[in-house]
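# Coordinate inspection notes
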Amino acid sequence: MKIHLIFRTTRDLFIAAILFGFFSILGCAGGGTEIGNPDTFSDSMELEVYLKDQFASSVISYEAPLSEVSLVDSLTGDPIPQFSQTNVQEAGVDEADKVKTDGTYLYVADDQAVHIVKAVPADSMSVISTISVNGAVDTLYLYKDLLIVIYLPKGGAGSSWMGTDLVGNVGIGMPYWIPIKSQTGVLIVDVKNPSSPEWVEEIVTDGWQVSSRLTGGKLHIVQQFLPNLPPLQLRYDGTEEGLTEAIAANYQSLDTVTFDKLIPSYDMLDENGNQIEGGPLVAPQNFYRPNEPGGGSIVTILTFNLEDISGGFQSVGLVADAHTVYASTQALYVAANRWNNGSVSTDTDIDDRYYQTVLHKFTLTKEHVMLEGSGKVSGKILNQFSLGEYQDVLRIATTTGDFWREPVLNNNFYCLTVKDNRLKIIGKLENLAPGESIYSARFIGPRGFLVTFVKVDPLFTLDLSDPTAPQLVGELKVPGYSDYIHPLGEDHLITIGKDTEEYQGTAYYQGVQLSIFDISDFADPKLLHKEVIGDRGTTSEALYDHKAFTFWEENGLLAIPVDLFEHETEPNLPYSNGINTFSGLYVYGVTVEDGFDPLGRISTDSAIGGWYYDYNWLRGVFIDEGVYAVNYQAVRSADIEDIEGTVNTLIINDEH
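These remarks concern the structure in this document. (Residues numbered from 1 in each chain as written. Predicted model: local features only at pLDDT ≥ 70, side-chain atom pairs only at ≥ 80, totals over all residues. Heavy atoms only, no water.)

The subject of this paragraph is the packing of helix α2 (residues 44-58) against helix α3 (residues 240-254). Orientation of α2 relative to α3, taken along the N-to-C sense of each, is 135°, at an axis distance of 8 Å. Relative to α3, α2 is oriented oblique. For the crossing formed where α2 meets α3, the hand is right-handed. Along its contact with α2, which presents Lys 52, Phe 55, Ala 56 and Ser 57, the element α3 presents Ile 247, Asn 250, Tyr 251 and Leu 254. Among the residues making up the contact of α2 with α3, the classes are represented as five nonpolar, two polar and one charged. (Axes fitted to C-alpha atoms, helices over the stretch in contact; angles between N-to-C directions. Helix = DSSP H or I, 4+ residues; strand = E, 2+ residues; numbered from the N terminus. Parallel < 35°, antiparallel > 145°, perpendicular 65-115°, else oblique. Left-handed = near helix turned anticlockwise from the far one by under 90°. Contact = heavy atoms within 4.5 Å. Nonpolar A, V, L, I, M, F, W, Y, C, P; charged D, E, K, R; others polar.)

Below is the structure:
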C-alpha cells in the first residue's frame, strides 16, 4: 500500500506520524509472538501525544462485516486455624470476597455497609457494629486488624461512551464496555476492636476495577480507565484517502481534550467524605509504553502497604487492556483478549487469525511494582485459572478459533518466561481436543489439568516438570463436564460441574455434579466418586465463582450454594427443566474412601414482612463445629453434627 501525503502544517506532520503508527499496527497485527518490554514516558507531553495518537487511529476499522467480540497470607507457618477461609487460587495470595472471618467475627458485605457479626457462640449471634460506606460495597479483605472495603462510589458507575457502535469491531485498545467516568473506592478500617471500628484511610480513583490481590502484606488493585472522549470517526471506506481523512478528523476532535482528562486521577478523603488531597493517579514517568501499540486504554495498579498504611499508596500505569488478572506470591499478570479480525500472519509460530491473549508480567518482589516483560500467545483464555506460575514460569491454556462463525476449535498450552525483558514461549502443546473448548483448568506445582467438553468431559493430565517440553500424560472421558477443579491432597481432585445426558447427538445439561478423581497414576486418571444434585435447571454459584466453593480440607468439609430444580415426574425429554424446590447451602463430608457424605442443608428461602428476597450471592463458612450460610441479609448457623435440627437465624438487613 502506498500513501501520498503533502505536509502543509505542523499538524499535517503529526497526522503523518499517526498514520505511520496506525499502519505499523495493521502491519504487525498478529505478527511476532513477543511484545518487547515497554519503556516509560518522560513527561506529560510525550504521554499525551501517544494517547491521542492511539485514540485517533486505533478506533477506526474499514466497512467490513461485523464479527461478535466476546469479552468476556495463609501459609505463614502458624497453627491451622479452626475456621475456613476464602477459597483462593494460590496459597499466600488472598482474594477479595463478600465475607471474611477471623474465626470469631464475620465481616459481611451489604449494599452500602459492612456488618460485623459476632458469630461465636452460634446460638447467640449478634451484629455488634455496622460500617457505613459511601457507595455500593463490592468486596472485602481482612488483614490482621485492618478491614479493607472496595466499593463503587455514589455516582461512580459512570455512563456509556457515545461511540457505542464500536461493539463488534474492536477487541482491544478501545474498551467501550467500560463506563466513562467510572470510579473505584477503597476504605480502610481498623477493626482491632470489632465493636468500635475506626476509620483509617479512604481514596476514590478513576477507573473500573478489574480485580485485586493481597500478598506479602501488600494490596494490589487493578483498574482500567477510558477517558471521556469526543465523538470519533470509527470507520472508513477502505481507501487510503478515507483513512487519512478519518484519522485527521479524529485528531482534530481530540485536540480539544486536555492532558488531565486523558489519564485517571484520585481523591483522598477524610472521615466525613471531604476531599483533602488529589491529583493524577499515576505520574507520567510511571506509565509504561507498550512496544506494540494497542490503543489508548490505560491499566493502573494501585498498591497499599498494609504493614505501614501511613505511607500512602504507590501506582503504576500501562497503556494497554486488562480483561483477566492472575497473581502468584512473586508476580501479577494482566491478560487481555485481542481479536484479530481474520487477518493471517506470516509468523508460523502463532495462529493469530482470530484471538490472541496479550500478557504483561509485573514483579511483586521489589520495593515498587514493576513491569518485567510482555508477550502473547494464540487463542483466548477462559478465566484466571487458565494461568498459573511455578518456578518463575507462566503456564497458560487457551482455545483458538472463531467462536461465532466457524465451530472449528483447538486447545493449546504454553509455558513462558521472561528473557531479555520479554515474555517468551519456551514450551508448548497445541491442537488438543479439536472441536472442543476448555471448560476448566488448574495448574498445581509441576502438574496441570484441563477439562474440555462437547459431549463428554475429557480430563487431561499434563506433566510440566520440564517447561521446555510439556507432556500430555493421561486422559479420561466421562459424561458431563467440570467448571472448577480443586486439589484434594497430592493424589486426588474434586471438581464441580454439570451432569449431562446425550439425546439425538446433543449433550443436555442436567443437575450439578460433584466428582472426585484419582490422579495417583498420572497417566491413568480415574473417576472414584460422583454426586449429582437435582435435575435439569439446578445450578450453583460455585460453577462460576470459586469463592462460593468452600472446602475445609483439614476437616474434610465442603459447602456450596445450590438452587435445586427437580422433576415431579420422570420427564419424556432430557431438555425439560424441573421446578425450583430449594435454595440454600448444601454441606458434605468429603473423603477419598467414601466420596460425598450429605450432612444436611440450610435453606435461605425466607420471607420478612411478606417480601421475598433474591439472594445473588451466598457463602458457606466453617467455624469450629459449626457451619454458617451467609448472605447480605442474614447469617444462618447450624451444628455440623445436626445441621437441619439446629439452624439459628440472625437477620442483618431487613430493609425491603
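Now that the structure has been shown, the text picks up again.
This part covers a negative patch on the surface. Together, Asp 123, Asp 624, Glu 625, Asp 639, Glu 641, Asp 642 and Glu 644 make up a negatively charged patch on the protein surface. Mapping Asp 123 onto the fold places it in the loop between β6 (113-118) and β7 (126-132). (Patch = residues over 30% accessible without salt bridge, like charges linked within 9 Å, V, L, I, M, F, W, Y side chains within 5 Å. Areas by Shrake-Rupley, 256 points an atom, 1.4 Å probe, with all protein chains shown as cover. Salt bridge = Lys/Arg side-chain N within 4 Å of Asp/Glu carboxyl O. Lys, Arg positive; Asp, Glu negative; His and termini not counted. Charge placed at Lys NZ, Arg CZ, Asp CG, Glu CD.)

Here we take up the nonpolar core. In terms of nonpolar packing, the biggest core is built from 46 residues, with Leu 47, Ile 148, Leu 219, Phe 304, Leu 306 and Phe 313 touching the most fellow members. Here this core takes five residues from α2, the largest share from any one element. In contact with Leu 47, not counting residues within four places along its chain, are Phe 41, Phe 259, Ile 263, Pro 284, Phe 287 and Val 319. (Core = buried A, V, L, I, M, F, W, Y, C linked by side-chain atoms within 4.5 Å. Buried < 20%, exposed > 50% of the residue type's maximum accessible area, 1.4 Å probe, protein only.)

Let's shift gears to α3. Note on helix geometry: an α-helix contains 3.6 residues per turn, so any two residues three or four positions apart are oriented the same way. Relative to the 21 Å expected for 15 residues at 1.5 Å per residue, α3 spans 21 Å between its end C-alpha atoms, a close match to the ideal helical length. Of the positions making up α3, those classed as buried are Gly 242, Leu 243, Thr 244, Ala 246, Ile 247, Asn 250, Tyr 251 and Leu 254. (Expected span 1.5 Å × (residues − 1).)

Let us now look at the sheet that holds strand β5 (residues 105-109). Here four strands make up an open sheet; going across it, the order is β4-β5-β6-β7 and the pairing antiparallel. Unpaired on one side and paired on the other, β4 (99-101) and β7 mark the two borders of the sheet. Going across the sheet, the axis of each strand differs from the next one's by a mean of 20°, ignoring polarity. (Pairing = 2+ DSSP bridges.)

Our focus in this paragraph is the sheet that holds strand β42 (residues 619-623). Judged by pairing direction, the sheet is antiparallel, and its four strands sit side by side in the order β42-β43-β44-β45 without closing on themselves. The sheet is open, and its two edges are formed by β42 and β45 (648-651), each paired on a single side. Taken pair by pair, the neighbouring strands of this sheet meet at an average axis angle of 20°, ignoring direction. Examined bridge by bridge, strand β44 (residues 634-639) and β45 share four bridges and lie antiparallel to one another. Opposite Arg 636, over in β45, you have Thr 649 as the bridge partner.

Before going further, it helps to spend a moment on the pattern of salt bridges. Under the criterion given, the structure shown has 16 salt bridges. Note that Arg 289 is salt-bridged to Asp 39, the shortest N-O span being 3.2 Å. Classification of Arg 289 as buried rests on a relative accessible area of 19%. Looking at Asp 39, the relative accessible area reads 45%, which means it is partly exposed. For Arg 619, the salt bridge is made with Glu 541, and the minimal N-O distance between the two is 2.9 Å. Of this pair, Arg 619 sits in strand β42 while Glu 541 sits in the loop between β35 (526-533) and β36 (550-552), placing them 78 residues apart in sequence. Of the two residues examined, Arg 619 and Glu 541, each falls in the buried class. By sharing partners, the salt bridges in this structure join Asp 97, Glu 541, Asp 545 and Arg 619 into a single network.

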